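# Summary of the model geometry
Listed below, chain by chain, are the residues.
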Amino acid sequence: MQQDERSGLLFALAGFAFLSVGDAIIKTMAGAWPPTGVAALRYTLGAIGLGVLLYRREGAGGFRLPRPGVQLMRGAGVAFATLCFFSAVFVMPLATATAIVFTSPMLTAVLAIVMLGEESRKETWISLVTGFAGVMLVLRPDPADFDWSALLPLGSAIGMSFVMIGNRMSARLASPLAMQFSIASIAAPILVTAALLGVASGLPELAIGWPQWHVALRCAVVAVTATTAHWLVYLGTTRAGAATVAPMTYVQMLVATLLGIVLFGDIPDWQTLVGAALIIGAGLYLWNAGRLQSAKISP
């Protein structure tokens, strides 16, 4: 049992680290291609790859979508989150964007009250207020000169919160591979549409030409690393349990900070570090409160 838990934690650790590696690769494409194009190509390649794997493992039956409305919410949520996050890392330090996205667990807890009828607990609101205070420290918004791009990672967190709610609403209705394919297959056409609308807008920063080979290659690498990361996290969860694995997600913050320093020279200042600590602390507080609540309920 201890061996399974240890290996589960290592799988989860590797998975969450891989996610930040993929994010760093995305940031290297800033200026080479618009974020709309990068997001569309990344998810199109991901959907094709997952579709091939799904057909080989489960046949045509694996493509049936359980609860289509919920799958649409998951796909649209991840499409919105991806557009916001890719745009964010193009214009701000990787660690800053990653820290703000970690408000997602707090936002998910609030959405669960509204959409799933879960109990409203004081811990949810304490973590939300603390996390919001951390966001304010990280962003340090100036009303006189506010940059709306600062809201992009918060938009990503909101999108991911809807994905998490959708995951809970469709849990165990299909295999993990089928659920990964369903979200990618819905996100891909939404992101392609967003990319085409960007071209139609006439904005030069959203103009999409034929990507250079290295851009396409990096999009493919990100699709592979992201799929691998999610699979590793799934393996970790099956071996160690979701509650044990959950805190490992904050490894992303550490890896993102290190990659930001090494690859981009983005050294976070003390306010960013304190704000990130508040956001992470709020998430861990909410996780621990949920764990204690589950322990009380369990016989």
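Below, the structure is looked at part by part. (Residues numbered from 1 in each chain as written. Predicted model: local features only at pLDDT ≥ 70, side-chain atom pairs only at ≥ 80, totals over all residues. Heavy atoms only, no water.)

## Concerning unusual backbone geometry
The condition that has to hold: Runs of E in the DSSP output that reach at least two residues are strands. Runs of H or I that reach at least four are helices, and both are numbered from the N terminus.
Even without being a glycine, Arg-67 presents a positive backbone phi close to 50°. Among the structural elements, Arg-67 can be located in the loop between helix H2 (35-58) and helix H3 (68-91).

## Describing the nonpolar core
The condition that has to hold: To qualify as a nonpolar core, a set must consist of buried Ala, Val, Leu, Ile, Met, Phe, Trp, Tyr and Cys residues joined through side-chain atoms within 4.5 Å. Relative accessibility thresholds used throughout: buried, under 20% of the residue-type maximum; exposed, over 50%; partly exposed, between the two (1.4 Å probe, protein chains only). Any two residues having at least one pair of non-hydrogen atoms within 4.5 Å are treated as being in contact.
Of all hydrophobic cores here, the largest spans 42 residues; its most connected members are Ile-26, Val-38 and Leu-191. For this core, the secondary-structure elements that each account for two or more residues are helix H1 (2-27), H2, H3, helix H4 (94-101), helix H8 (176-201), helix H9 (213-240) and helix H11 (251-264). At 10 residues, H8 tops the list of elements feeding residues into this core. When residues no more than four places from it in sequence are discounted, the contact partners of Val-38 are Ile-26, Met-29, Trp-33, Phe-86, Phe-90 and Cys-219. In terms of nonpolar packing, the next biggest core, distinct from the first, is built from 17 residues, Val-138, Ala-150, Ile-279 and Ala-282 among them.

## Structural notes on the packing of H2 against H9
This is how the line gets drawn: Only the stretch in contact is used when a helix axis is fitted, and all axes are lines through C-alpha atoms; the angle between N-to-C directions ranges over 0 to 180 degrees. The scheme is simple: roughly parallel for angles under 35 degrees, roughly antiparallel for over 145, roughly perpendicular for 65 to 115, oblique for anything else. Note: crossing handedness is left-handed where the near helix turns anticlockwise from the far helix by less than a right angle, and right-handed where it turns clockwise. Nonpolar residues are Ala, Val, Leu, Ile, Met, Phe, Trp, Tyr, Cys and Pro. Charged residues are Asp, Glu, Lys and Arg, and all others, Gly as well, are polar.
Taken N-terminus to C-terminus, the directions of H2 and H9 make an angle of 50°; their axes are 8 Å apart at the nearest point. Taken as axis vectors, H2 and H9 run oblique relative to one another. The crossing of H2 and H9 is right-handed. Along its contact with H2, which presents Val-38, Leu-41, Arg-42, Leu-45, Gly-46, Leu-50 and Arg-57, the element H9 presents Ala-216, Cys-219, Ala-220, Val-222, Ala-223, Ala-226, Thr-227 and Trp-231. Class assignment for the residues of the contact of H2 with H9 results in 11 nonpolar, 2 polar and 2 charged.

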